[in-house]
Amino acid sequence: MPLPHKFFITVLFLLLFKEGTKAQETQTFSKLSPETVYLHLNTTVFFPGDYVHYSCYVLDRKTLRSSTTSKVAYITLINETLETIFEKTLFLTNGKATSDIFIGTNLPTGNYKLLAHTQWMRNGGMASFFKSDITIVNPYTTAKTKTNNSLETYGAEIDRNDQIQSQKTFKNTAPPLLEISMTSPVLGTRKEGQANITIKDPSLQKGSYSLSIRKAGSLSGYEPPNATALLPEKKEKARYDSILFIPELRGKILSGTIIKEEDNTAALSLALSVPGQPERFNIYRTDAEGRFDIVIPKGIENEMAFLDLLDQENAKLQLTPTPAITYDAISFRRFELSPKMEKAILEKSVHNQIETSYFAVKPDSLFPTPKTTLLEKGTQSHFRLDDYTRFPTLRETIREIIGPIQISGANSGNRMRVRTPPSILFDTKDALVLLNGRLVKDHALLLDQSASDFEEIIASQTNLFFGKQRYQGVVLFNTKLPQTVVPVFKNDSKPVDIPTVQPVKKYFSPNYGSVGGSWEHVPDFRYQLLWNGNYVLRQKNNTISFTTSDITGTFEIVLEGFTAIGTPISERVLFTVE
C-alpha cells in the first residue's frame, strides 16, 4: 500500500530539523576561541630512573589567558619511527594540570617528541599542537635504527656551563615583571638554600606558574620551549576555519551507539560501573536513535570500566572511535653523544641506580583525593563473613545471616532487595547490586556462588534514583582478592578504557637540619632538587626553600607560567653547589 503524502512531509521535516540542529550546534562552537598548549618541562635529556616533570597550560590562543573551554588535554610521546610510546589524559583545573612521566629501562637511547593538545585544537591541525624534542640516554639498551627523516644535528657536546656562567640571570620578559635572587649564590652539599621572588606587578599574584630547581650542565641538552615563545600574534585567526572536533567542555567524552535489533525509537539506558569504585556507578540515557555521549567523571582510579545495557538484552553496544592523529609531518632534533660525555653519562647512570634502590626510604607522597560515596551515612550494615558461620553459597549466607537483604522469586529468578522504609516509589524494585564495584544484573547467578571467596557484604537502605531507574537499596559484595574471577557478568557487558585522574604529588625533599644524623649514611644523588607544578605567587616577596644533594656544580631555578591577564613569564637564576 502506498504511503500517504503526509508521511513523506513528516520524514522530510524531521531530516531538515536534524540537520538544522547540527548546523546550529556547529555554529555555537564556532564562536569559541581557538586554544594553544604550553608544557613547562624540567629538562630535555633523560636517563632511566628520571622523571619528565611537566605542567600543562591550556590557553586562549589570542589572549594567552587560561582557557575555560577544554576540560581535558592529551600528552603523547612518540619516537623517531612515529610509534606512540606513551599517552596520557589530563583533567584540567582552570586550564592547567601537572604530572610526570617515569622513564623506565625499556626505552632505548634515541630522540623523541613530546606533544600536547586538546580535542578542540585538532581543528587547527598538527601545526597547532605543542611539540618539544627530548632525548633518552639508556646505557642498558641499544638505540633503534634511525629513520630517513630529515634531522637537525645539534652539537650538545658543547658544555652549557661555558655558556651560562657568563650571566647569573636570564630575563625573558620585557620589561621584567619579577626578579629571582639567591640569598647565597654558593651553597654546600646537603644544605638548605633559599631564593626570593619579588614581583613588580600585582597581576602576577593571580597567575598560574610552575617552578623547577635542577642541575644544569653538559647533559642538559637543548633548551625546551619557554612561555615567552607563545607571545600572541596580532594576525592570529580568531576562529577555526572548520569544526570537525567538538570541544570537551565538561570532561572526557565517551561516545557510542546502541544498535537495536527491534524497531524501537525509545531512548535506552546504560550503566557505567568501575571495579573498585562503587561510588562511580551511574546510569545514562541514549537518544531515540541509540546514540550516547557520556562525560567520564573525574576521580576514577581504575583504568577499566564497564558499560551494561539495562533495557534491551538483544542490542549491541558500539563505541565511536576517536580519529587517529597522523604524525607524518614531524621531524626530530638530534642530540649527538660525544666521547666527552662518557664520564657524565656513567656518573648519572650510577647515581640514578642508587636513587632508585633507596626509593622506599625516600618516597614521594600523594595528596589525598576527595572521596565521594554512593551510600548515605547511617544506612549501612556491614557483614564480615569471617565473623560468622560460613555457609556454602551466598544465597544461604544471606538467608541465615544478613537480615536487611530480602531474596524474592524462585531460585533461577531470584532478585535481591534491601528492606527499606515503605515507599510507593521503591517498593517491589530491585536493589542495586555491585560486585567489587561492578554491576551485577543476574542476581540469581551471584547467589549461586560459593561464599568462601567473599570477604564482606554491605547492605544499605539508601534508595537511589538514576533518571527513571529506581533501586530499593544497595548491596555491595566484596571478594577477599579484588582480582578473583566470579562468573556472573553478562556477555553484553562492554569493557572500556578510562583515563585516570593524575595524582597530585609532593616530591621527596629531605630536611637535614631537622632530622640530625639519621640521613648520614643514606646517599643523596638528586639532580632535581625541587619541582612544584602549581606554584603560587601569594605576595610581593615570596621565599623558596629547598635542600641541596650530594651533587655539585651549577644549578638553575626556573619559573614559568602566565599572569592572569595572559602575560607569559619565563625567568631563571643560577647558583653553585660546592
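What counts, and at which threshold
- Along each chain, the written sequence defines residue order, and numbers are assigned to residues from 1.
- For this predicted model, a pLDDT threshold of at least 70 governs which residues receive local features, and a threshold of 80 or more governs which side-chain atom pairs are given and counted, while totals over whole chains, interfaces and linings are taken from all residues.
- For side-chain calculations, the full set of non-hydrogen atoms in the structure is used, while hydrogens and water are omitted.
- Secondary structure is summarised from DSSP: a helix means a run of H or I of at least four residues, a strand means a run of E of at least two, and numbering begins at the N terminus for each.
- Accessibility here uses a 1.4 Å probe with only protein chains present; expressed as a share of the type maximum, an area under 20% marks a residue as buried, one over 50% as exposed, and anything in between as partly exposed.
- Contacts were defined at the residue level, with two residues in contact if any of their heavy atoms lie within 4.5 Å.
- Here the accessible surface of atoms and residues is derived via Shrake-Rupley with a 1.4 Å probe, and residues count as covered only by protein chains that are part of the display.
- The term polar contact refers here to a pair of N or O atoms within 3.5 Å; inside protein, the definition further demands a hydrogen-donor-capable atom paired with an acceptor-capable atom, and it admits residues adjacent in sequence only when both atoms are side-chain atoms.
- Pairing between strands is defined by DSSP: at least two bridges between them are needed.
- For helices, the axis comes from a line fit to the C-alpha atoms of the stretch in contact; other axes are also lines fit to C-alpha atoms, and the angle between any two N-to-C directions lies between 0 and 180 degrees.
- Two aromatic rings from Phe, Tyr or Trp, using only the six-membered ring of Trp, form a pair when their centres are within 6.5 Å; if the ring planes differ by under 30 degrees the pair is stacked, by over 60 it is edge-to-face, and anything between is tilted.
- Two conditions define a charge located above a ring, namely a distance within 6 Å from the ring centre to NZ of Lys or CZ of Arg, and an angle within 35 degrees of the ring normal.
- By definition, a salt bridge exists where a carboxyl oxygen of Asp or Glu is found within 4 Å of a side-chain nitrogen of Lys or Arg.
- Side-chain atoms within 4.5 Å are what join buried Ala, Val, Leu, Ile, Met, Phe, Trp, Tyr and Cys residues into a set we call a nonpolar core.

(A) The overall build of the chain, seen in detail. When helices and strands are counted, the chain shows six helices and 37 strands. Put simply, the chain has 578 residues, and 49% of those count as buried. For the chain, the share of sequence-separated contacts (at least 6 apart) that also reach a separation of at least 24 residues comes to 76%. On the chain, roughly 29,000 Å² of surface is accessible, and the fraction owed to carbon and sulfur atoms is 53%.

(B) Highlighting the side chain of D50. In this structure, D50 sits in the loop between β2 (45-46) and β3 (51-60). Polar contacts involving the side chain of D50 include one to the main-chain amide nitrogen of F47, which spans 2.8 Å.

(C) Up close: the sheet that holds strand β32 (residues 494-497). The four strands are arranged β17-β16-β19-β32 in an open sheet whose pairing can be described as antiparallel. Strands at the two margins of the open sheet, each flanked by one partner only, are β17 (277-285) and β32. Neighbour-to-neighbour, the strand axes of this sheet turn through a mean angle of 25°, independent of strand direction. Sheet analysis places strand β19 (residues 304-309) next to β32, joined by four bridges and oriented antiparallel. In the sheet register, L307 faces β32, and the bridge partner there is K494.

(D) Representation of the packing of aromatic side chains within the structure. Tallied over the entire structure, the rule returns 13 aromatic pairs. Between F281 and Y471 the ring centres are 6.4 Å apart and the planes differ by 75°, which places this aromatic pair in the edge-to-face class. Of the two residues, F281 sits in strand β17 while Y471 sits in strand β30 (residues 469-471), which places them 190 residues apart along the sequence. The exposure class of F281 is buried, given its relative accessible area of 3%. In this structure Y471 comes out as buried when scored by relative accessible area, which is 8%. The interplanar angle of 45° and the centroid separation of 6.2 Å between the aromatic rings of F383 and Y388 together place this pair among those described as tilted. Classification of F383 as buried rests on a relative accessible area of 10%. Overall, Y388 belongs to the partly exposed group, its relative accessible area being 36%. One Lys or Arg, K348, reaches over the ring of Y527 and ends 4.6 Å from the middle of that ring.

(E) Molecular detail of the pattern of salt bridges. Scanning all chains against the criterion turns up 13 salt bridges. A salt bridge links R395 to D448; its shortest N-O distance comes to 2.8 Å. One end of the pair, R395, is in helix α4 (residues 394-400); the other, D448, is in the loop between α5 (443-447) and β28 (454-460), with 53 residues separating them in the sequence. Between D430 and R415 there is a salt bridge, and its shortest N-O distance comes to 3.0 Å. Of this pair, D430 sits in the loop between β25 (415-418) and β26 (432-435) while R415 sits in strand β25; the two residues are 15 residues apart in sequence, bridging distant segments of the chain. R415 gets classed as partly exposed once you look at its relative accessible area, which sits at 25%. Connected via shared salt-bridge partners are D287, E289 and R291.

(F) The arrangement of the environment of E578 in detail. Considering the arrangement of structural elements, one finds E578 in the segment after β37 (568-577). The class for E578 is exposed, based on a relative accessible area of 62%. Taking the C-alpha atoms as reference points, E578 and G553, 25 residues apart in sequence, are found 6.5 Å from one another. Setting aside chain neighbours within four positions, we find E578 in contact with V186, L187, G188, T189 and T552.

(G) Inspection of the nonpolar core at higher detail. In terms of nonpolar packing, the biggest core is built from 35 residues, with L39, V52, Y54, L114 and F562 touching the most fellow members. Counting only elements with at least two residues in this core, the list comes to β1 (35-41), β3, β4 (72-79), β6 (96-102), β7 (110-117) and β8 (130-136). Sorting elements by how many residues they give to this core places β3 first, with six residues. Apart from the residues within four sequence positions on either side, V52 is in contact with L41, N42, F46, S99, D100, I101, I103 and L114. Listed in part, the 27 residues of the second largest apolar core include L204, Y209, Y527 and I569.

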